[in-house]
Amino acid sequence: MRKMFISALMISLMLLCGCSRGYEGKLEEFRSAFVEYGTVSFVATMTVQDENSVADYTVECVRTGEETVLRLVEPELISGVTAHLKGKDALIEYEGLSFESGLELGTGRTPIEACDVVLDTLESGQTSQFAMDGNELSFRVEQGNNCYTTMRLEADTMTPVSAEIYYDGRLVICCEISEWYME
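The written sequence of each chain sets the order in which its residues are numbered from 1. Local features in this predicted model are restricted to residues whose pLDDT is 70 or higher, and side-chain atom pairs enter the listing and the counts only when it is 80 or higher, whereas totals over whole chains, interfaces and linings include all residues. To obtain the side-chain values, all non-hydrogen atoms of the structure were included, while hydrogens and water were left out.

**Student:** I tried to follow the environment of Cys 147 on my own but got confused; where do I start?
**Tutor:** If you trace the backbone, Cys 147 turns up in strand 9 (residues 147–154). Using a 1.4 Å probe on the protein chains alone, a residue whose accessible area is under 20% of its type maximum counts as buried, one over 50% counts as exposed, and one in between counts as partly exposed. For Cys 147, a relative accessible area of 1% translates into the label buried. Distance from Cys 147 to Leu 171, taken between C-alpha atoms, is 9.8 Å for residues 24 residues apart in sequence. The secondary structure listing takes helices from DSSP runs of H or I that are at least 4 residues long and strands from runs of E that are at least 2 residues long, numbered from the N terminus.

Given below as structure tokens:
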């Protein structure tokens, strides 16, 4: 009886490990394809939290090569504002006017950087803490500076669904992803 129980337990563990490795392999295939595509676009609906406030934004994001272009859709008051990100530089445009943002980029904690953090997380090979929740695969990527991102992908298609950006163990940006497209 004891041998049967141990055998059943071992078989269950092997099956679980095999499923996890299968999704890690699918994620690596997705990453390889992702890196080869010239353009990636999506819509991000973000909730940004700091110690004193919570704000919601909807942003259209397009990355081509090393440049990411963000166009604010909501809130309506600032709809149409566009940001061009390249490295640690950000140029803000609105109705023909443009100016440097003056933001300290590179921390991964500003709303303007959230889409870049999502894309960088998908490119990174430094994943940990894989888990399956229903039909979603989640994994974690450490960004350094006490910052990490948890990504969730639809497991069958490997389509990004959401991302959560944490700083000092506290959720600072929650990002729901829709209209994912690569070409």
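**Student:** It is not clear to me how the pattern of salt bridges should be interpreted in this structure. Could you clarify?
**Tutor:** Opposite charge on two side chains permits pairing when their charged atoms draw close. The working definition used for a salt bridge is a side-chain nitrogen of Lys or Arg within 4 Å of a carboxyl oxygen of Asp or Glu. Tallied over the entire structure, the rule returns six salt bridges. For Asp 116, the salt bridge goes to Arg 63, with nearest N and O atoms at 2.9 Å. Pair noted here: Asp 116 is in helix 2 (residues 114–123) and Arg 63 is in strand 2 (residues 54–64), with a separation of 53 residues, a long-range link. For Arg 63, the salt bridge identified is with Asp 120, shortest N-O distance 3.0 Å. Pair noted here: Arg 63 is in strand 2 and Asp 120 is in helix 2, with a separation of 57 residues, a long-range link. When salt bridges with common partners are traced through the structure, they connect Arg 63, Asp 116, Asp 120 and Glu 123 into a single cluster.

**Student:** For this particular structure, what's the right way to read the packing of aromatic side chains?
**Tutor:** Each pair of aromatic rings is reported with the distance of its centres and the angle of its planes. Ring pairs shown here join Phe, Tyr and Trp side chains whose ring centres sit within 6.5 Å, with only the six-membered ring taken for Trp; geometry is labelled stacked below 30 degrees between planes, edge-to-face above 60, and tilted in between. Taken as a whole and judged by the stated rule, the model has three aromatic pairs. Ring plane angle 10° and centroid distance 4.8 Å describe the contact between Tyr 148 and Tyr 166, whose orientation is recorded as stacked. Placement of Tyr 148 in strand 9 and of Tyr 166 in strand 10 (residues 159–167) is noted, with a sequence separation of 18 residues between them. Using a relative accessible area of 15% as the deciding quantity, one classes Tyr 148 as buried.

**Student:** Any chance you could explain the confidence of the model for the protein chain here in plain terms?
**Tutor:** Detailed reading of predicted coordinates is not advised where the pLDDT is low. When pLDDT is averaged along the protein chain, the result is 79; 79% of the residues meet or exceed 70. Known as pLDDT, the predictor's per-residue confidence is scaled from 0 to 100. Residues are treated as being in contact if the distance between any of their heavy atoms lies within 4.5 Å. This stretch, residues 1–20, has a pLDDT under 50; its non-local contacts, to residues over four places away or in other chains, come to one contact.

**Student:** What is the right way to read the state of the cysteines from this model?
**Tutor:** As used here, a disulfide is simply a covalent bond connecting the sulfur atoms of two cysteines. In this description, a disulfide is simply a cysteine sulfur pair whose atoms lie within 2.5 Å. Throughout the structure, instances matching the rule amount to zero disulfides. Among the cysteines around Cys 175, which has no disulfide bond, Cys 115 carries the closest sulfur, lying 5.5 Å off. For Cys 175, a relative accessible area of 1% puts it in the buried group.

**Student:** Mind showing me how you'd approach unusual backbone geometry here?
**Tutor:** Glycine aside, negative phi is the norm for most residues, and most peptide bonds take the trans geometry. Residue Pro 75 follows Glu 74 across a cis peptide bond; omega there is 10°. Here Pro 75 lies in the loop between strand 3 (67–74) and strand 4 (82–86). Not every positive phi belongs to a glycine, and Met 158 is a case in point at roughly 60°. Checked against the element boundaries, Met 158 lands in the loop between strand 9 and strand 10. Residue Glu 179 is not a glycine yet carries a positive backbone phi of 55°. Structurally, Glu 179 can be placed in strand 11 (residues 170–182). Assessed through its relative accessible area of 62%, Glu 179 is described here as exposed.

**Student:** For this particular structure, what's the right way to read the environment of Ala 55?
**Tutor:** Relative to the elements of secondary structure, Ala 55 occurs in strand 2. Residue classification places Ala 55 among the partly exposed residues on the basis of a relative accessible area of 25%. Each C-alpha atom of the pair Ala 55 and Pro 75 lies 9.3 Å from the other, and the pair is 20 residues apart in sequence. Apart from residues lying up to four places away in sequence, Ala 55 is in contact with Met 46, Thr 47 and Val 48.

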